[in-house]
Amino acid sequence: MTPTAAMVNDLLNSLEAEDYNSVISYIRFLSDSRKKDKAKKSLEALAEIQSMFAEDKGWDSEESMLADMAKFRRERLMP
């Protein structure tokens, strides 16, 4: 058994029935808080990704696309 698990087990052995309800409530609170934080971070990442696609408006024409690609190649070839 890991030291943390042994410590938790030792603490649980000293509790009474009414204490278990408090412990369970606190664990639920921690779990819900973590889930909310994770969901918030996921939503922030999704919004950031969506904004990247929203900013990409594409090209007005095929000629504009080819000119942009040529410019990109020239910039990459320059030392």
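Cut-off values and rules
- Residues numbered from 1 in each chain as written.
- Predicted model: local features only at pLDDT ≥ 70, side-chain atom pairs only at ≥ 80, totals over all residues.
- Heavy atoms only, no water.
- Helix = DSSP H or I, 4+ residues; strand = E, 2+ residues; numbered from the N terminus.
- Rg over C-alpha atoms; globule rule 2.2 N^0.38 Å.
- Buried < 20%, exposed > 50% of the residue type's maximum accessible area, 1.4 Å probe, protein only.
- Areas by Shrake-Rupley, 256 points an atom, 1.4 Å probe, with all protein chains shown as cover.
- Lys, Arg positive; Asp, Glu negative; His and termini not counted.
- Charge placed at Lys NZ, Arg CZ, Asp CG, Glu CD.
- Patch = residues over 30% accessible without salt bridge, like charges linked within 9 Å, V, L, I, M, F, W, Y side chains within 5 Å.
- Salt bridge = Lys/Arg side-chain N within 4 Å of Asp/Glu carboxyl O.
- pLDDT = per-residue confidence, 0-100.

**Quick look at the overall build of the protein chain**
Counting its secondary structure elements, the protein chain contains 3 helices and 0 strands. Helices (α) and strands (β) of the protein chain occur, in sequence order from the N terminus, as α-α-α. Taking 2.2 N^0.38 as the reference for a compact globule, 79 residues should give roughly 12 Å; the C-alpha atoms of the protein chain span a radius of gyration of 28 Å, well beyond that estimate. Principal-axis analysis of the C-alpha atoms gives the protein chain an extent of 75 × 30 × 15 Å. In the protein chain, which comprises 79 residues, the share counted as buried stands at 0%. Accessible area for the protein chain stands at about 7,700 Å²; split by element, carbon and sulfur atoms hold 59% of it. When the 12 basic and 15 acidic side-chain charges of the protein chain are each reduced to a single mean position, those positions are 3 Å apart.

**Remarks on a nonpolar patch on the surface**
Together, V8, L12, Y20 and I24 give the surface a local cluster of nonpolar side chains, amounting to about 300 Å² of exposed area. Going through the elements one at a time, α1 (3-13) and α2 (17-55) are the ones with two or more residues in the nonpolar patch. Among the secondary structure elements, I24 is positioned in helix α2.

**Focus on the environment of K40**
Along the chain, K40 turns up in helix α2. In sequence terms K40 and R73 are 33 residues apart; their C-alpha atoms lie 39 Å from each other.

**Things to note about the confidence of the model for the protein chain**
Of the residues in the protein chain, 94% reach a pLDDT of 70 or more, and the chain-wide mean stands at 87. Of all the helices and strands in the protein chain, helix α3 (residues 62-77) carries the lowest mean pLDDT, 87, while α1 carries the highest, 91.

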